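# Topology and contacts: notes
Here's the letter readout for the chains.
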Amino acid sequence: MQTPIEQLASQYPHLAQAFARIPQGEIHLKRLHDLNTSWQQLLLSGSQRKYTEVVVTETRPVLPAQDTFDIIYAGGGLNLLNAAVMTQRYALRVLVFDRFTVGAVHREWNISRAELQELLDCGLLTRAELESVILCEYQDGFVRFHAAHIQVPATELHLKDVLNIAIDAEKLTALCVKKIQEHQSATGRTNLILHHTTFERCAVQPAQHVCVDVRDAAGSLHSYGAQLLIDGMGSTSPIACQLNCGRPFSLVCPTVGTVARGYKAGPGSREIDTTRGEVLVSTEDRRHDRQLIWEAFPGKEDQVAIYLFYYAEAGSQVDLFALFDDFFALLPDYKDTSNVEVLKPVYGFIPAGYNITLPWQQKQKILAYDRVLSLGDAAAFQSPLTFCGFGSYVRNLQRITTLLAQALESKSLRARDLNRIRASEAVPAVSGAFSKFMIAHSEKQEPAWQVNETFNVFCRVLQDLGPQVTNDFFKDRIGWLDYTRVVLNTPRYYPPIYKLALTTLSPAEIIGWISAWLQLGGQAVQYQLYSLLRPRLRSLPGAARRWLRRRSPVTGLRIAIWEEGMAQIARARGEQRPITATNNYPPPMRSYWPSIKWPPG
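Here goes a summary of the coordinates provided. Since we're looking at a predicted model, the values are computed, not measured. (Residues numbered from 1 in each chain as written. Predicted model: local features only at pLDDT ≥ 70, side-chain atom pairs only at ≥ 80, totals over all residues. Heavy atoms only, no water.)

This part takes up the sheet that holds strand 5 (residues 134-137). With antiparallel pairing, 3 strands are arranged side by side in an open sheet as 4-8-5. For this open sheet the edge positions go to strand 4 (109-111) and strand 5, each flanked by a neighbour on one side alone. Here the strands of the sheet are splayed against their neighbours by 25° on average, with no regard to which way each runs. The pairing of strand 5 with strand 8 (residues 165-167) spans 3 bridges and is antiparallel. Looking at the pairing, E137 lines up with I165 of strand 8. (Pairing = 2+ DSSP bridges. Helix = DSSP H or I, 4+ residues; strand = E, 2+ residues; numbered from the N terminus. Axes fitted to C-alpha atoms, helices over the stretch in contact; angles between N-to-C directions.)

Okay, here's the thing in structure tokens:
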């Protein structure tokens, strides 16, 4: 009888040969199969408008105290950062479960040092703990698109302080798991971590709590209660699918790769330069209607994480097996693999939810049901070029956790309130149009080298505007004026961009992009107003804030959402941190179960 790897050999020979030598190769193949199947089911549910309703409103019996929590987290990846902050900073009782191992990650993480400050500011890590999870730091990184057939000058873009810190993802998640397990809630009850536990259903009682049904590895069904359920089940989340009528995402990056050691070190294009990260690199024109793009990030000792991915519409047929087969077939042309030992594969679907709508339409991207909120990949607000979910999650961690605490305190847990608690959207919304230009089309629509030509022009524009604009663009914090300069400068170098835009973006997407550009301008105006009001906000007594939250919880939450958004911009700009809810946070809370009782004084 053939093994699973042998069964793949005829269709995916390069994949089968490589996975036969990878530790736990058959286990990873099963997970790949599960991911592929889940994604195809997601596509099917969207095209046929048929999806399973996993969140319902119904009455359930009251659960015993040991089975009740303040927050339940479905998914144990990036969710762990949020859960650890909520139990450490606010003394809440949390439950985290995952269908695999809580804390297991299938992609390495890169970020900048300035962005890591958020992990310190929100109290997740100490300085020593932060330094312990940093594997290495590069001098710079670069973006290089294949230039053999393009009709414009080739431009290699160098990046300073962008994705130049390699993080030990497993060590960081293990630290979060340890903090969650060791910390007790304000009631003295312990938190709970559940491995190999699958989400089944969530019953919402809007005025009281949620009851979450899960199934353990043995197949037994268990129920747990909480004030709030956080959906962190990633790109194939059934909750995100239901909330958005089977179409939770607009774009996707199928991504595969390996963490390996033994690559030849050196400055050559087929060698690994340990002082630099390769952020976006293409080595050929379109292949099978896909523009394949590489990333390479050195890690600890001589380990290197290398990825291959491409951009696609969310409704496209994508296959991680086929992409992995291409990865192992093409890798020797990208890097010298003569002495390479693969330590583990990395893979996944990285989604984006830039459902840009017309100004008169209701927003399509829905994140919340009563007492249920999607975060992380399930919410799908990624960086538009690098599609780095970790960076987006960290940049918004302090904002999200602060607002969740206030929503719980004020019992503002209806869908209309929770749907406002989301990652910053202004820059990803306008920059999402750039992602569309990364999608390769057939020969009938454009030449094979079109994506490479477009992004050599884009690199030239950013290079001429300077490192600060480039840095801000790749970190999702570019301002309205600089973004407008990028847009206006592009036709100077490349007049065909107008025609290309008309064929790449639909009329609705063009109007939606203009609307998002105007909203980014509105944010710039609001920030100027906020800067003027900052001294007054700083002097506003905490008692007045608490009075407002008691008097009008919804108004208090909406003001906090605005303040947190502005404070996040201020932190990104390196400006003095204002005293808002972000760093004037309340003392530890008592348990929210069955009702919120704020400590006196």
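Let's pick the thread back up.
This next bit is on the nonpolar core. Counting residues in hydrophobic clusters, the biggest one holds 115 residues, and the most contacted among them are L124, I167 and F390. Contacts of I167, omitting those with residues within four sequence positions, involve E108, W109, I111, L116, V133, I134, L135, L172 and F390. Ranked by size, the runner-up nonpolar core spans 45 residues in total, among them I22, W39, I306 and A380. (Core = buried A, V, L, I, M, F, W, Y, C linked by side-chain atoms within 4.5 Å. Buried < 20%, exposed > 50% of the residue type's maximum accessible area, 1.4 Å probe, protein only. Contact = heavy atoms within 4.5 Å.)

Attention now goes to the state of the cysteines. All chains considered together, the criterion is met by 0 disulfides. Here C245 is not cross-linked by a disulfide; its sulfur's nearest cysteine counterpart is in C241, at 9.1 Å. Looking at C245, the relative accessible area reads 38%, which means it is partly exposed. (Disulfide = S-S within 2.5 Å.)

Our next topic: unusual backbone geometry. Located in the positive-phi region is L163, a residue other than glycine, with phi close to 50°. With respect to the helices and strands, the residue L163 is situated in the loop between strand 7 (157-159) and strand 8. For L163, a relative accessible area of 10% gives the class buried. Backbone geometry at D476 places phi at a positive 60°, although glycine is not the residue there. Secondary-structure assignment places D476 in the loop between helix 15 (467-474) and helix 16 (480-493). A relative accessible area of 13% places D476 in the buried class.

With that settled, the discussion passes to the environment of H146. If you trace the backbone, H146 turns up in the loop between strand 6 (140-144) and strand 7. Sequence separation between H146 and N452 is 306 residues, and the spatial gap between their C-alpha atoms is 5.8 Å. Among all residues touching H146, those that are not within four sequence positions of it are S282, T283, E284, D285, N452 and N456.

Turning our eyes to something else, we now look at the packing of aromatic side chains. According to the stated counting rule, one finds 26 aromatic pairs in the structure shown. For the pair F19 and F324, a centre-to-centre distance of 5.2 Å together with 80° between the ring planes defines the contact as edge-to-face. Taken together, the residues span a long stretch of sequence, with F19 in helix 2 (residues 13-19) and F324 in helix 9 (residues 320-334) at a distance of 305 residues. Looking at F324, the relative accessible area reads 0%, which means it is buried. Taking 5.6 Å as the distance between ring centres and 45° as the angle between the ring planes, the aromatic pair formed by W294 and F327 counts as tilted. Remark: F327 occurs in helix 9 and W294 occurs in strand 15 (residues 293-298); sequence separation between them is 33 residues. The same class applies to W294 and to F327, which are both buried. One aromatic cluster in this structure is built from F145, F434, F455, F458, F473, F474, Y483 and W513. Sitting over the ring of F100, R31 keeps its end group 4.4 Å from the ring centre. Between the NZ or CZ atom of R93 and the centre of the ring of F69, over which it lies, the distance is 4.0 Å. (Phe/Tyr/Trp six-rings, centres within 6.5 Å; stacked < 30°, edge-to-face > 60°. Lys NZ or Arg CZ within 6 Å of the ring centre and 35° of its normal.)

Attention now goes to the environment of L92. Along the chain, the position of L92 falls in the loop between helix 4 (79-90) and strand 3 (94-97). Since its relative accessible area comes to 0%, L92 is described here as buried. Along the primary structure L92 and R460 are separated by 368 residues, whereas in three dimensions their C-alpha atoms are 49 Å apart.

Our focus in this paragraph is the packing of helix 14 (residues 450-465) against helix 15. In the contact formed by helix 14 and helix 15, the axes pass within 5 Å of each other and the chain directions differ by 125°. By the criterion of interaxial angle, the relationship of helix 14 to helix 15 is oblique. Together, F458, L462, Q463 and L465 of helix 14 and V469, T470, F473 and F474 of helix 15 make up the contact between the two elements. Grouping the amino acids of the contact of helix 14 with helix 15 by side-chain chemistry returns 6 nonpolar, 2 polar and no charged. (Parallel < 35°, antiparallel > 145°, perpendicular 65-115°, else oblique. Nonpolar A, V, L, I, M, F, W, Y, C, P; charged D, E, K, R; others polar.)

Moving on: the pattern of salt bridges. With the rule as written, the count across this model stands at 30 salt bridges. Here R113 ties to E131 by a salt bridge, and the two come within 3.0 Å at their closest N and O atoms. Highlighted residues: R113 in helix 5 (residues 113-121) and E131 in helix 6 (residues 127-132), separated in sequence by 18 residues. Look at E131 and you get partly exposed, because its relative accessible area is 36%. A salt bridge links R290 to D326, with the nearest nitrogen and oxygen atoms 2.4 Å apart. Here the residue R290 occupies a position in the loop between strand 14 (276-281) and strand 15, and D326 occupies one in helix 9, the gap between them amounting to 36 residues. Taken as a pair, R290 and D326 share a single burial class, namely buried. (Salt bridge = Lys/Arg side-chain N within 4 Å of Asp/Glu carboxyl O.)

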